[in-house]
Amino acid sequence: MILILSINPSLPASAIDYIVGDENGWTTNLDYQTWAVGKHFQIGDNIIFRYPYGIHNVYRVTAPGYHSCEIPANTSESMSSGNDVIALNTEGRRWYICGIGDYCKMGNMKLAITVFEPVVPPMALIVPNFSNGGGDQVPGSKTSSVWYVSPAPAGFYVFLITAMVGIMIVV
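Note that the coordinates shown come from a computational prediction; the quantities given were computed from them, not determined experimentally.

Asker: Tell me about the overall build of the chain, and name the residues and values.
Answerer: The helix and strand tally for the chain stands at four helices and nine strands. A burial count over the chain gives 30% of its 171 residues as buried. The contacts in the chain between residues at least 6 apart in sequence include a share of 72% that link residues at least 24 apart. With the model as given, the accessible surface of the chain reaches about 10,200 Å², and the carbon-plus-sulfur share is 58%.

Written out as C-alpha cells, the structure reads:
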C-alpha cells in the first residue's frame, strides 16, 4: 500500500518585497506601469518606495486622483521617509503618486497596481488503487491514483489521514 501526502499550508510560500522601480527607485521619468508588468502582487507582499529623503514623497490616492495627479484635500497621509514600506494586506486596485511639484504629471511619478489573493498550489494526495482487491499487485497494472485536493484547514488533513489509515488497516 502506498500513501504519500504533501500538505501545503494556505498561506503564500513567501512574501515578496518589491522595490518600486528596482535599482532606479522612485524617481522622475520612469514608466512605472511598464515596471509593474509581469509582477503578481499578492496579499502579504510589500512595495517599497526608495528615493532621496526630502526630494519626493508617496501618496495613496483614488483612481481619479491617479489620473489627474491630485492629492485629496482631506488627507495627511504623505509618506516621505525615503524608504516607505507599504504592506499589501487586502486585494484590489491601489494607486500611488508623488505629491511634490509636477513630478506626477510631468515626471510620470505614479503607479497603479492590482493586489490578488495568494496563489496556493494544490496538494497532491497519492492513494493506493484497490481495484485489484488490495491484494498482490499485478505486474504492469496501475497501483496508485493521484488526486489533487484544494487547501483546507490542517485539522481536516489530520482527520483524512487518520480515516485513510484506518481503512487500510481494515482492508
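Next comes the rest of the write-up.
Asker: Can you explain the sheet that holds strand 7 (residues 110-115)? Please cite residues and give values.
Answerer: If you walk across this open sheet you meet the three strands as 4-6-7, and the pairing is antiparallel. Each of the sheet's edge strands pairs with one partner strand only, and the pair in question is strand 4 (59-61) and strand 7. Taking the axes of each pair of neighbouring strands and ignoring which way they run, one obtains an average angle of 30° across the sheet. Bridge count for strand 6 (residues 92-97) against strand 7 is six bridges, and the pairing is antiparallel.

Asker: Explain the sheet that holds strand 3 (residues 46-50) to me, using residue names and the numbers behind them.
Answerer: Taking strand neighbours across the sheet as the criterion, the three strands line up as 2-3-5 in an open arrangement whose pairing is mixed. Since the sheet does not close on itself, it has two edges, and those belong to strand 2 (17-19) and strand 5 (83-87), each with one partner. Each strand axis lies, on average, 20° off the axis of its neighbour in the sheet, ignoring direction.

Asker: Outline the side chain of Asp45, supporting the account with residue identities and numerical values.
Answerer: Following the sequence through the fold, Asp45 ends up in the loop between helix 1 (32-36) and strand 3. An unpaired buried charge is present at Asp45: no salt bridge exists, and Lys39, the closest side chain of opposite charge, is 11 Å distant. Of the polar contacts made by the side chain of Asp45, one reaches the backbone nitrogen of Ile16; its length is 2.8 Å. At 2.9 Å, the side chain of Asp45 and the backbone nitrogen of Gln42 are in polar contact. Excluding residues that lie within four positions of it along the chain, Asp45 makes contacts with Ala15, Ile16, Tyr18, His40, Ile86, Ala87 and Leu88.

Asker: Can you tell me about the nonpolar core, naming the residues and giving the values?
Answerer: Ranked by size, the top nonpolar core spans 20 residues in total, and within it Trp26, Ile47, Phe49 and Leu111 carry the most contacts. Of all elements in the fold, only helix 1, strand 3 and strand 7 reach the threshold of two or more residues within this core. Beyond its immediate sequence surroundings of up to four residues, Leu111 is in contact with Val20, Trp26, Tyr32, Gln33, Trp35, Ala36, Phe49, Tyr66, Arg94, Trp95 and Tyr96. Core analysis: the second largest hydrophobic core is formed by eight residues, Trp95, Ile97, Cys104 and Ala112 among them.

Calculation criteria
- Residues numbered from 1 in each chain as written.
- Predicted model: local features only at pLDDT ≥ 70, side-chain atom pairs only at ≥ 80, totals over all residues.
- Heavy atoms only, no water.
- Helix = DSSP H or I, 4+ residues; strand = E, 2+ residues; numbered from the N terminus.
- Buried < 20%, exposed > 50% of the residue type's maximum accessible area, 1.4 Å probe, protein only.
- Contact = heavy atoms within 4.5 Å.
- Areas by Shrake-Rupley, 256 points an atom, 1.4 Å probe, with all protein chains shown as cover.
- Pairing = 2+ DSSP bridges.
- Axes fitted to C-alpha atoms, helices over the stretch in contact; angles between N-to-C directions.
- Lys, Arg positive; Asp, Glu negative; His and termini not counted.
- Salt bridge = Lys/Arg side-chain N within 4 Å of Asp/Glu carboxyl O.
- Polar contact = N/O pair within 3.5 Å; in protein donor to acceptor, adjacent residues only side chain to side chain.
- Core = buried A, V, L, I, M, F, W, Y, C linked by side-chain atoms within 4.5 Å.

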